[in-house]
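For reference, the chains in residue letters:
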Amino acid sequence: VVLRDLLLDGNKATNTTGTISGVAFNGVGGGSGSTARQGAVITNIWANNFTTDGIYISNSANSSIANSTAQGNGSQGIRVGNSSRPVIAKNISQGNTAFGISIAGTSFTSINANTINDNTGGGVLFSGTATDNNFTSNALRENGGSVSNSSIQIAVVTSDVDRTFIVGNSIYDSVGTGSAILISGATADDTYLSNNSFSGPGASNISDAGTNTRYVGQATAALGANVLFRQANSTTALTVQNASGTS
């Protein structure tokens, strides 16, 4: 299923009730490797001003969302739930009420080179039983509003969020009291953090309550300070100090 080259406006000021998403696919694609079946292919779509999500894929496999914009929607900008192997690349998700990108109960996701700005709930959320997801080379700006919402969130409630790779992202937030990266619970296992840069009062630290988080050349303070190399089960390993001798 291919959907491309459309401008969609949900006019949520008029359409105030019900669950209305700009694009929604359920139960497409399947398998992996030599038996893979293509899921939804969404490219060059503008999904704007819907009461719920801009773009939503659920219970699917091998789908892709690329070169599209989700803006000003009443819930998530881009949402993927209970799926496997989606690719989300080179999109803009901005000005949405919840998160720019939400990944729930989904595994083997590749999220690369997206621009994620001004989303009230936060930049990206990983939740549910979500494993082996990659979040790389994305730019996040001014997400989380003026409160304690964080830019990148791994939210653990009743399920595990394991082996999330967060590498090479740029995070800035000038307001609020949230963290650049929040790992909220001990059942978030084996998160891998490397070369993410962050700054601003609303993105001034990494809050890590996870288990066996790997830090590989990852700053733990704003503007590249306190670079840490720490593998699982190591409390100190190698740290790199700044010019004043503070680790």
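This section reports on the structure supplied with the text. (Residues numbered from 1 in each chain as written. Predicted model: local features only at pLDDT ≥ 70, side-chain atom pairs only at ≥ 80, totals over all residues. Heavy atoms only, no water.)

### Remarks on the sheet that holds strand 7 (residues 78-81)
Here eight strands make up an open sheet; going across it, the order is 2-4-7-10-13-17-21-24 and the pairing parallel. Strand pairing shows two members of the sheet lacking a second neighbour, strand 2 (23-26) and strand 24 (206-208), which therefore form its edges. Neighbouring strand axes in the sheet, compared pairwise and without regard to direction, differ in orientation by 5 degrees on average. Where strand 21 (residues 181-183) lies against strand 24, three bridges are found, and the strand directions are parallel. (Pairing = 2+ DSSP bridges. Helix = DSSP H or I, 4+ residues; strand = E, 2+ residues; numbered from the N terminus. Axes fitted to C-alpha atoms, helices over the stretch in contact; angles between N-to-C directions.)

### Notes on the environment of Asn48
With respect to the secondary-structure elements, Asn48 resides in strand 3 (residues 41-48). Classification of Asn48 as buried rests on a relative accessible area of 17%. On a C-alpha basis, the gap between Asn48 and Asn96 in space is 9.3 Å, while along the polypeptide they are 48 residues apart. Not counting residues within four places of it along the chain, the set of residues in contact with Asn48 comprises Leu8, Asp9, Gly10, Gln71, Gly72 and Asn73. (Buried < 20%, exposed > 50% of the residue type's maximum accessible area, 1.4 Å probe, protein only. Contact = heavy atoms within 4.5 Å.)

### Observations concerning the environment of Ser107
Structurally, Ser107 can be placed in the loop between strand 10 (99-104) and strand 11 (110-112). Take Ser107: its relative accessible area is 14%, and that puts it in the buried class. Distance in space between the C-alpha atoms of Ser107 and Pro86 is 8.3 Å, their sequence separation being 21 residues. In this view, Ser107 contacts Ser83, Ser84, Arg85, Pro86, Thr129, Thr131, Asp132 and Asn133; residues no more than four positions away in its chain are not counted.

### Here we look at the nonpolar core
One finds Ile42, Phe135 and Ile181 to be the most contacted residues of the largest nonpolar core, which totals 40 residues. Of all the secondary-structure elements, those providing two or more residues to this core are strand 2, strand 3, strand 4 (55-58), strand 7, strand 10, strand 13 (122-127), strand 17 (152-154) and strand 21. Residue contributions to this core peak at three residues, all from strand 3. Every residue in contact with Ile42, bar those within four places of it in the chain, is listed here: Leu3, Val23, Phe25, Ile55, Ile57, Ser64, Ile65, Ala66 and Ser68. (Core = buried A, V, L, I, M, F, W, Y, C linked by side-chain atoms within 4.5 Å.)

### Quick notes on the side chain of Asn119
Inspection of the secondary structure assignment puts Asn119 in the loop between strand 12 (115-117) and strand 13. Among the polar contacts made by the side chain of Asn119, one reaches the main-chain carbonyl oxygen of Ser93 at a distance of 3.1 Å. At a separation of 3.0 Å, a polar atom in the side chain of Asn119 contacts the side chain of Asn96. Each residue touching Asn119, except ones within four places of it in the same chain, is listed here: Ser93, Gln94, Gly95, Asn96, Ala98, Phe99, Gly100, Glu142, Asn143, Gly144 and Gly145. (Polar contact = N/O pair within 3.5 Å; in protein donor to acceptor, adjacent residues only side chain to side chain.)

### As for the packing of aromatic side chains
Tallied over the entire structure, the rule returns two aromatic pairs. Arranged with centres 6.2 Å apart and planes meeting at 85 degrees, the rings of Phe126 and Phe135 form a pair that is edge-to-face. Comparing Phe126 with Phe135 shows no difference in burial state: the two are buried. Arg79 extends its terminal NZ or CZ atom over the ring of Tyr56, reaching a point 4.2 Å from the ring centre. (Phe/Tyr/Trp six-rings, centres within 6.5 Å; stacked < 30°, edge-to-face > 60°. Lys NZ or Arg CZ within 6 Å of the ring centre and 35° of its normal.)

### Things to note about the pattern of salt bridges
Two side chains bearing opposite charge may form a pair once their charged atoms approach each other closely. Evaluation of the coordinates by the stated rule reveals four salt bridges. Here Arg4 makes a salt bridge to Asp5, at a shortest N to O gap of 3.2 Å. The exposure class of Asp5 is partly exposed, given its relative accessible area of 46%. Its salt-bridge partner being Arg214, residue Asp190 comes within 2.3 Å of it at the nearest N-O pair. Taken together, the residues Asp190 in the loop between strand 21 and strand 22 (192-194) and Arg214 in strand 25 (residues 214-219) connect sequence positions 24 residues apart. Overall, Arg214 belongs to the partly exposed group, its relative accessible area being 25%. (Salt bridge = Lys/Arg side-chain N within 4 Å of Asp/Glu carboxyl O.)

In short, shape yes, function no, at least from these values alone.
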